[in-house]
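Understanding the architecture of this molecule
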Amino acid sequence: MKSAPKTPGIVLLAALGLSLSAVAFSFPAAPRQDDPRAEIVNLRRYTHSNFTRVVLDIGTLREYTFGELRDPGRIYVDVLQAKLNPILQGQSYPVKADYISQIRISQKTTSTVRVVVDVDFSRIQSYRVYHLFDPYRLVVDIYPHGTAAPATEPQAKTTPPARRTVPPVKREVDPKDPAFNGTSMARQLGLGVRTVVIDPGHGGPRPGTIGRSGLQEKEVNLAVALALRARLREAGIDAILTRESDVDVGLDDRTVIANQKRADLFISIHANAHRDRKRGGVETFFLNISPDPSVIELAAEENATSTKNIGQMESILEKIVQNSKIQESRGLAEAIQKNLCRALSRDLSGIRNLGVKGGPFWVLIGGEMPSVLVEISHLSNAREEAKLKTKKYRDLAAQGIYDGIMEYIRSLGKG
Ligand SMILES: [Zn+2]
């Protein structure tokens, strides 16, 4: 990619933030196709009295970069892992505005689609590039001189504008390339998962569930979280705990921390309890409404509330889950669940994989990033409780969650 020369005083770029804004996601629930590229079939443009809007319909979350070029003046947006429907190849669109001569779209490389807006920089005051969800689309708004930049569409990220261009990062790498398995893999991939907030459940006066031998959940959760943090930091990922000692943190505050830190992922670590002490195994949750009574029971336990309150919560949830990152959270949950089961089975053969489920967990509500709650094993099961006491098993749990996070990060480059 050519470097984009900066133009002082003219650029008002949408802050892409350091979180997931400029990052590709995969939709693991969607059927995998042989061609991982998202097909672009539509480009729309509108000229209003005070600005021009260009909308590129993509449908599937894709990473993108943008910048500007001179002589002649151009604003470009490159969508990665994308292919252009042949009908649009090489198309150009006139625009009824004297500050834009045309809009062009083309397949720049086999996996990159480029949109170019030919602009007269001397006539424009600012522009912004941002994305919207449901369906996923990229928007370029261009404001001529003498206009006030209106607010972005309601769904847009409300991060404050930054006076900087996003450095174009070459991201056409093979995530399976062994060269990227070393330290700082996420950074090398440029996929944007820089910060992970790890939430050791309960703490202080709230022990969580307590095993027959007296082992308290809060202690297990913290030990696993600390071990996970060490592994993530080794890999060059900024890992932050919601608590680093035996203190209580409010459920709402835990995601507030994650949002403030602009975390890319939120992982709440718990140990399970079940009335049936024979029941054991690993399960991972993402935020959703659940018709399953046993999930509701567990959520009530983790929410420190009653099952009745969960019922009231569901109506709130219905509204929230529509806007939350369910697909991404589910993908993260699946990667963690699979790797965690694999890791723990090295020390506890035959540990059950109870699967990935949606559940109304309060601690997952506030997060603006993919968020999961993992129940690493059952403290109510004597065999698992005995294992949860050991450093070996706790380290394996941390390793399994770590492996899951890394698998998820690698999956971001596909789709
Ligand atoms: Zn818990």
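Residues numbered from 1 in each chain as written. Predicted model: local features only at pLDDT ≥ 70, side-chain atom pairs only at ≥ 80, totals over all residues. Heavy atoms only, no water.

Overview of the coordination of the zinc ion
Selection criterion: With water omitted from the atoms examined, metal sites may look incomplete; donors here are N, O and S atoms no farther than 2.8 Å from the metal, or 3.2 Å in the case of Na, K and Ca. The buried label applies to any residue whose accessible area, calculated with a 1.4 Å probe on protein chains only, is under 20% of its type's maximum; exposed applies above 50%, and partly exposed to all values in between.
For the zinc ion, the full set of protein donor atoms is His202 (NE2), Glu217 (OE), His270 (ND1), Glu302 (OE) and Glu302 (OE), at a range of 2.0 to 2.5 Å. A relative accessible area of 1% places Glu217 in the buried class.

Focus on the side chain of Ser371
To keep it simple, the criterion reads: Working definition: helices are DSSP H or I runs of at least four residues, strands are E runs of at least two. Numbering for both runs from the N terminus. Contacts described as polar in this section are N or O atom pairs within 3.5 Å, which, within protein, must combine one atom able to donate a hydrogen with one able to accept it, while residues neighboring in sequence count only if both atoms come from side chains. We call two residues in contact when some of their heavy atoms are within 4.5 Å.
Within the secondary structure, Ser371 is located in strand 17 (residues 371–378). Within polar-contact distance, the side chain of Ser371 engages the backbone oxygen of Met369 at 2.7 Å. Setting aside anything within four residues of it in sequence, one finds Ser371 in contact with Phe266, Phe285, Phe286, Ser329 and Leu364.

Examining the packing of helix 2 (residues 217–234) against helix 8 (residues 391–411)
Counted only if it meets this: Orientation is described by axes fitted as lines to C-alpha atoms, over the contacting stretch for helices, and by angles from 0 to 180 degrees between their N-to-C directions. Orientation categories follow fixed angle ranges, with anything under 35 degrees roughly parallel, anything over 145 roughly antiparallel, 65 to 115 roughly perpendicular, and all other angles oblique. The crossing is said to be left-handed when, going from far helix to near helix, the turn is anticlockwise and less than a right angle, and right-handed when the turn is clockwise. Under the grouping applied here, Gly and all other residues not named as nonpolar or charged are polar, the nonpolar ones being Ala, Val, Leu, Ile, Met, Phe, Trp, Tyr, Cys and Pro and the charged ones Asp, Glu, Lys and Arg.
Contact geometry for helix 2 and helix 8: axes closest at 8 Å, N-to-C directions at 50 degrees. Overall, the two elements helix 2 and helix 8 adopt an arrangement that is oblique. Helix 2 and helix 8 meet at a crossing whose hand is right-handed. Residues Glu219, Val220, Ala223, Val224, Ala227, Leu228, Arg231 and Leu232 of helix 2 lie in contact with helix 8, whose contacting residues are Arg394, Asp395, Ala397, Ala398, Gln399, Ile401, Tyr402, Ile405 and Met406. Residue classes in the contact of helix 2 with helix 8 are distributed as twelve nonpolar, one polar and four charged.

What about helix 6 (residues 326–344)?
Think of an α-helix as turning once every 3.6 residues; residues three or four places apart then point the same way. Where we set the bar: One fewer than the residue count of a helix, multiplied by 1.5 Å, yields its expected span.
For helix 6, spanning 19 residues, the distance from its first C-alpha to its last is 26 Å, which sits close to the expected 27 Å at 1.5 Å a residue. Of all 19 residues in helix 6, 14 are buried, a share of seventy percent or more.

Some thoughts on the packing of aromatic side chains
Note the threshold: Side-chain rings of Phe, Tyr and Trp (the six-membered ring for Trp) are treated as a pair once their centres are within 6.5 Å; stacked means planes under 30 degrees apart, edge-to-face means over 60, and tilted covers the remaining angles. Working rule: Lys NZ or Arg CZ, within 6 Å of ring centre, within 35 degrees of ring normal, means a charge sits over the ring.
If you walk through the whole model with that rule in mind, you get two aromatic pairs. Taking the centre distance of 5.7 Å and the plane angle of 35 degrees together, the rings of Phe51 and Tyr143 count as tilted. One end of the pair, Phe51, is in the loop between strand 2 (42–47) and strand 3 (52–59); the other, Tyr143, is in strand 11 (residues 136–144), with 92 residues separating them in the sequence. Accessibility assignment for this pair places Phe51 and Tyr143 in one class, buried. Plain terms: the ring middles of Phe285 and Phe361 are 4.7 Å apart, the flat faces sit at 55 degrees to each other, and that makes the pair tilted. Remark: Phe361 occurs in the loop between strand 16 (353–359) and strand 17 and Phe285 occurs in strand 15 (residues 282–287); sequence separation between them is 76 residues. A cation sits over an aromatic face here: Arg114 above Tyr76, 4.1 Å from the ring centre.

A closer look at the sheet that holds strand 9 (residues 112–119)
For the record, the criterion: The rule for pairing is simple: two strands pair if DSSP sees at least two bridges between them.
Spatial ordering of the open sheet is given by 4-5-9-8-7, a layout of five strands whose pairing is antiparallel. Strands at the two margins of the open sheet, each flanked by one partner only, are strand 4 (64–69) and strand 7 (92–97). The mean inter-strand angle of the sheet, taken between neighbouring strand axes irrespective of direction, is 20 degrees. Sheet topology note: the strand 7/strand 8 (residues 100–109) ladder contains four bridges and is antiparallel. Among the inter-strand pairings, Pro94 is bridged to a residue of strand 8, identified as Gln102.

Things to note about the pairing of strand 5 (residues 74–80)
For strand 5, the buried fraction is high: six of the seven residues fall into the buried class. Direction of pairing for strand 4 relative to strand 5: antiparallel, over a ladder of six bridges. Within strand 5, the position partnered with Tyr64 by the bridge is Val79. Counted between consecutive antiparallel strands, the loop separating strand 4 from strand 5 contains four residues, among which Asp71 sits at a positive phi close to 55 degrees.

Some remarks on the nonpolar core
To keep things clear, this is the line we draw: The nonpolar core is taken to be a set of buried Ala, Val, Leu, Ile, Met, Phe, Trp, Tyr and Cys residues, with the residues joined through side-chain atoms within 4.5 Å.
Grouped together as the largest cluster of nonpolar side chains are 47 residues, with contacts concentrated most on Leu232, Ile267, Ile269, Ile376, Ile401 and Ile405. Taken together, the elements giving at least two residues each to this core come down to strand 12 (195–200), helix 2, strand 13 (238–241), strand 14 (265–272), strand 15, helix 6, strand 17 and helix 8. Sorting elements by how many residues they give to this core places helix 8 first, with ten residues. Setting aside anything within four residues of it in sequence, one finds Ile401 in contact with Val224, Leu228, Ile267, Ile269, Ile336, Leu340, Val374 and Ile376. Counting 34 residues, the second largest nonpolar core, distinct from the first, contains Leu61, Ile105, Val119 and Tyr127.

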